[in-house]
Amino acid sequence: MSEESEFVKFFESPRKPLPGNILFEALQPPKEIILAANPRVTVDVIAGILEAAKDSGEIVILELALSEMSLKRGYTGLTPKTFAERVRKAAEMVGWYGYVLHADHMTVKKGTDEELENVRKELDARIEAGFTSFAIDASFLFDRKATTVPEQLKEIIRVGVDLFSFIDEKMKGKPYGREGEVGEIGIAEFTTVEEAVYYVEQMKAHGIELDCLAIANGSKHGVSVDEEGKIIPQLGINIKRTIEIADALKNRGFRTGIAQHGITGTPIELIATKFPKGKIVKGNVGTLWMLLVWDVLKVFQPDLYQQIYKWTIENYRKEGVSEAETFAKSSKYAIKEFFNELEKLDEDTRKAIRAKAYAEALMLFKAFGMKQTAKRVYEYLVKNDIKY
């Protein structure tokens with residue numbers, strides 16, 4: 001059997017999700033951005049992404065944030081267990097198990113004992129469900145009144161060490177991916193090189209080697225739209241600062257790369273030509289997949305689309321905000337409200353969703369510079385005799 005078919009056969013065979021740290025270790029030195037998809041709506045989005053990954057020989061990261069998925073079902077109606085089961089079902093439908101199951105944005109906003117205990121329960125549920133990568137986001141705890149970087153980041157580091165130590169204990173030696181966040185996504189200020197380096201250094205000093213680091217570099221979650229509902233291109237990502245931080249980390253011996261959040265509104269040709277692949281190593285794409293489903297429903301299930309649209313406007317419209325913008329920003333909350341309807345779509349609708357997700361994934365693989373990542377990961381596993 002050829003080496004080519006060996007790696008395909010490996011990831012076509014049923015297996016657990018790939019640990020995130022193994023993915024990023026295998027791709028050293030990094031040449032690409034790995035697609036990290038937040039598929040909030042339907043198993044068919046996931047199936048389309050995985051089918052594209054299978055046909056292209058790629059590993060993908062499948063993730064949801066704490067706000068999207070929780071023990072109380074987040075705003076998608078999913079728990080960690082039901083999301084993991086949905087991903088597994090999609091993998092079985094397609095016959096491709098080349099994916100990392102990532103817990104995105106495990107967010108801590110206040111740092112109280114009560115909040116941390118709740119996040120620990122959520123982490124426990126994800127570990128129990130078989131997640132293989134975790135992002136601790138304590139960036140809200142940045143102390144803007146402090147005058148030195150150690151003081152500004154004190155609480156972010158305390159909480160990060162606490163929660164990663166909890167994960168370590170619960171994972172019982174099993175490998176997993178680690179993502180930290182030092183700058184709150186969407187704020188006006190950019191993360192400085194000093195802040196990023198200090199944070200990564202302090203985490204390493206506590207035995208926590210980060211695979212990815214999320215920073216404040218001008219991106220924002222979701223999309224902005226004009227009066228007609230057309231997406232306004234997001235051009236605010238500070239590429240120069242992003243490169244400065246990535247280079248500073250590399251020059252100090254860290255393999256930590258940048259996790260770029262808030263990609264959906266960025267023109268794909270800009271990603272393809274301007275994003276620094278290998279410095280940005282993980283690209284989060286979430287809103288795109290939801291909007292894709294809404295576009296399909298407009299044609300295949302117009303009555304359901306109108307129900308979702310009407311419910312969103314009635315519940316989230318604010319004075320001075322257009323209906324188009326309200327729907328673009330708040331329709332995510334309709335996913336839980338219409339959970340059962342979205343689970344029972346007819347076969348033609350599901351085929352269309354899967355096909356659109358497949359095509360979008362192919363576009364993103366190309367724009368991200370991904371090229372047979374599954375083969376390189378397989379070779380790393382064999383060379384180092386790694387089982388997972």
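(A) Representation of the environment of F11. Note on placement: F11 falls in helix α1 (residues 3-12). The class of F11 is buried, set by a relative accessible area of 0%. With 349 residues separating them in the primary sequence, F11 and E360 have C-alpha atoms 22 Å apart. Once you skip the residues sitting within four places of it in the chain, F11 turns out to touch I59, G95, W96, Y97, G98, A374, V377, Y378, L381 and Y388.

(B) Molecular detail of the packing of helix α5 (residues 113-129) against helix α7 (residues 154-171). Across the interface, α5 lies against α7 with an axial gap of 10 Å and an inter-helix angle of 35°. For the element pair α5 and α7, the recorded crossing hand is right-handed. Here α5 contributes L116, V119, R120, L123, D124 and I127 to the contact with α7, which in turn contributes R158, V159, D162, L163, F166, I167, K170 and M171. Residues belonging to the contact of α5 with α7 are distributed by class as follows: 9 nonpolar, no polar and 5 charged.

(C) Expanded view of the packing of aromatic side chains. This structure, assessed with the given rule, holds 14 aromatic pairs. Between W311 and F338, the aromatic rings sit 6.3 Å apart at their centres with planes inclined by 90°, giving edge-to-face as the arrangement. Linking W311 in helix α12 (residues 302-316) with F338 in the loop between α14 (334-337) and α15 (339-343), this pair joins segments that are 27 residues apart in sequence. With respect to burial, W311 and F338 carry one shared label: buried. Between the aromatic rings of Y316 and Y333, the centroid separation amounts to 5.0 Å while the plane-to-plane angle is 20°, which identifies the pairing as stacked. With Y316 in helix α12 and Y333 in the loop between α13 (323-330) and α14, the pair connects residues that are 17 residues apart, well separated along the chain.

(D) Examining the sheet that holds strand β1 (residues 34-37) more closely. If you walk around this closed barrel you meet the 8 strands as β1-β2-β3-β4-β5-β6-β7-β8, and the pairing is parallel. On average, adjacent strands in this sheet sit at an angle of 25° to one another, irrespective of strand direction. In this sheet, strand β7 (residues 257-260) lies alongside strand β6 (residues 212-214) in parallel orientation, the contact comprising 3 bridges. If you follow C212 over to β7, its bridge partner there is G257.

(E) Region of interest: the environment of K279. With respect to the helices, strands and loops of the structure, K279 is situated in the loop between α10 (268-274) and β8 (280-285). Apart from the residues within four sequence positions on either side, K279 is in contact with I243, A246, D247, G257 and I258. For K279, the side chain forms a polar contact with the side chain of D247, separated by 2.6 Å.

(F) Summary view of unusual backbone geometry. The step from Q28 to P29 runs through a cis peptide bond, and the omega angle for that step is -15°. By the secondary structure assignment, P29 is in the loop between α2 (20-26) and β1. A positive phi angle, close to 80°, is found at R73, a residue other than glycine. Among the secondary structure elements, R73 is positioned in the loop between β2 (60-65) and α4 (80-94). Positioned with a positive phi, Q372 is a non-glycine residue whose angle comes to about 50°. Following the sequence through the fold, Q372 ends up in the loop between α16 (347-367) and α17 (373-383).

What counts, and where the lines are drawn
Residues numbered from 1 in each chain as written. Predicted model: local features only at pLDDT ≥ 70, side-chain atom pairs only at ≥ 80, totals over all residues. Heavy atoms only, no water. Helix = DSSP H or I, 4+ residues; strand = E, 2+ residues; numbered from the N terminus. Buried < 20%, exposed > 50% of the residue type's maximum accessible area, 1.4 Å probe, protein only. Contact = heavy atoms within 4.5 Å. Axes fitted to C-alpha atoms, helices over the stretch in contact; angles between N-to-C directions. Left-handed = near helix turned anticlockwise from the far one by under 90°. Nonpolar A, V, L, I, M, F, W, Y, C, P; charged D, E, K, R; others polar. Phe/Tyr/Trp six-rings, centres within 6.5 Å; stacked < 30°, edge-to-face > 60°. Pairing = 2+ DSSP bridges. Polar contact = N/O pair within 3.5 Å; in protein donor to acceptor, adjacent residues only side chain to side chain.

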